[in-house]
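In case you want the letters, here they are:
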Amino acid sequence: MSYFSIRSVSKTYGNQKALKSFSTELKKGDILAIVGESGSGKSTLLRIMAGLEVQTSGEVWLGDKKIENPKEKLVAGYDEIKLIHQDYALFPNSTVEENISRPLLSFDEKYTRNRVEELISLLRLGELRDKLPRQLSGGQQQKVAIAKAMSVEPEILLLDEPFSSLDSIQTRNIMDELKEVFTALGTTVILVTHDLDDALRLTDDLLILKNGKIIQRGNSKDLCLSP
Ligand code: ADP
Ligand code: ADP
């Protein structure tokens, strides 16, 4: 059964076609990587999926709910669908632990404690819990940003080149860790990246985007991938 469904989504800026009738489906717990070079439409697609931008045509469905784009959502996005990009979006004067628990302010105290501890443990942030963002490396900050986004158990986590400011060894290590965490928690994830190696670290389920169109989707073993 499909869970997150993108149906014939197109986006035009002036006379520039950024997305051309893009369709794809995800099941709960799927980890999909969308790979494409710069300008292929990746960020546009994620912003539309997150409800942060209005498509020119087509529909986005999460379960039986249509993702519409009322004005307030265009600013804040949807709670169920969290988008993370390369700037870490942490509260600078709050510790790691406070950053992760902050989105849970309105939640039950016991739930908050359990969820924060679970994320700190899975993402191996225990030794950093009392540190401020500026005391962390870029990779550590990004892990905290991901933990913060995951604290409210979003239905879908969207990652837009989240590690483009890190070097490739750091990125590789974090991807390996995240793959474990996402698999353990059954998180549904879409990563967009220009880097095929990064994508393959996280998942075998690839979608190749070129000029706003899908040119291939499938298991990495079955695709013809040029280096
Ligand atoms: P990617 O994330 O793969 O680099 P984008 O989604 O950012 O691709 O861009 C896809 C195409 O749409 C590009 O040609 C880009 O110039 C164009 N585009 C993206 N955002 C805008 C915008 N706000 N206004 C005009 N053109 C845009
Ligand atoms: P939500 O959980 O509602 O998506 P966030 O917790 O990500 O929201 O952030 C709430 C608001 O605070 C957002 O507008 C976000 O951009 C802003 N914000 C987050 N981190 C910082 C920060 N370190 N400094 C300033 N603003 C921030």
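Residues numbered from 1 in each chain as written. Chains lettered and ligands numbered in written order. Predicted model: local features only at pLDDT ≥ 70, side-chain atom pairs only at ≥ 80, totals over all residues. Heavy atoms only, no water.

If you look the protein chain up in an unreviewed UniProt entry, it shows as ABC transporter ATP-binding protein from Algoriphagus sediminis.

Caption draft 1: Focus on the site of ligand 1. Near ligand 1 the following residues occur: Tyr13, Gln16, Ala18, Glu37, Ser38, Gly39, Ser40, Gly41, Lys42, Ser43, Thr44 and Arg47. Measuring from an oxygen atom of ligand 1, one finds a backbone N or O atom of Gly39 at 2.7 Å. Between ligand 1 and Thr44 there is a distance of 2.5 Å, counted from an oxygen atom to a side-chain nitrogen or oxygen. Across the complex, the protein chains shield 61% of the 560 Å² of accessible surface that ligand 1 would expose by itself. Going through the elements one at a time, β2 (16-26) and α1 (42-49) are the ones with two or more residues in the shell around ligand 1. For the shell around ligand 1, the leading source of residues is α1, giving four residues. Its residues assigned to classes, the shell around ligand 1 shows two nonpolar, seven polar and three charged. (Near = heavy atom within 4 Å. Polar contact = N/O pair within 3.5 Å; in protein donor to acceptor, adjacent residues only side chain to side chain. Areas by Shrake-Rupley, 256 points an atom, 1.4 Å probe, with all protein chains shown as cover. Helix = DSSP H or I, 4+ residues; strand = E, 2+ residues; numbered from the N terminus. Nonpolar A, V, L, I, M, F, W, Y, C, P; charged D, E, K, R; others polar.)

Caption draft 2: Representation of the side chain of Thr187. Within the secondary structure, Thr187 sits in the loop between α6 (168-185) and β8 (188-193). Under the relative-accessibility criterion, Thr187 is labelled buried at 9%. (Buried < 20%, exposed > 50% of the residue type's maximum accessible area, 1.4 Å probe, protein only.)

Caption draft 3: Examining the sheet that holds strand β7 (residues 156-160) more closely. Strand order across the open sheet formed by six strands is β6-β7-β8-β3-β9-β10, with mixed pairing between neighbours. For this open sheet the edge positions go to β6 (81-84) and β10 (213-219), each flanked by a neighbour on one side alone. The mean inter-strand angle of the sheet, taken between neighbouring strand axes irrespective of direction, is 15 degrees. Of the strand pairs in this sheet, β7 and β8 are connected by five bridges, and their pairing is parallel. Bridged to Leu158 within β8 is Ile190. (Pairing = 2+ DSSP bridges. Axes fitted to C-alpha atoms, helices over the stretch in contact; angles between N-to-C directions.)

Caption draft 4: Focus on the sheet that holds strand β5 (residues 65-66). Taken in spatial order, the four strands line up as β2-β1-β4-β5 in an open sheet, and their pairing is antiparallel. Of all strands in the sheet, those bounded by a partner on one side alone are β2 and β5. Note that strand β1 (residues 4-13) and strand β4 (residues 57-62) share five bridges and pair antiparallel. Paired with Ser5 across the two strands is Trp61, which belongs to β4.

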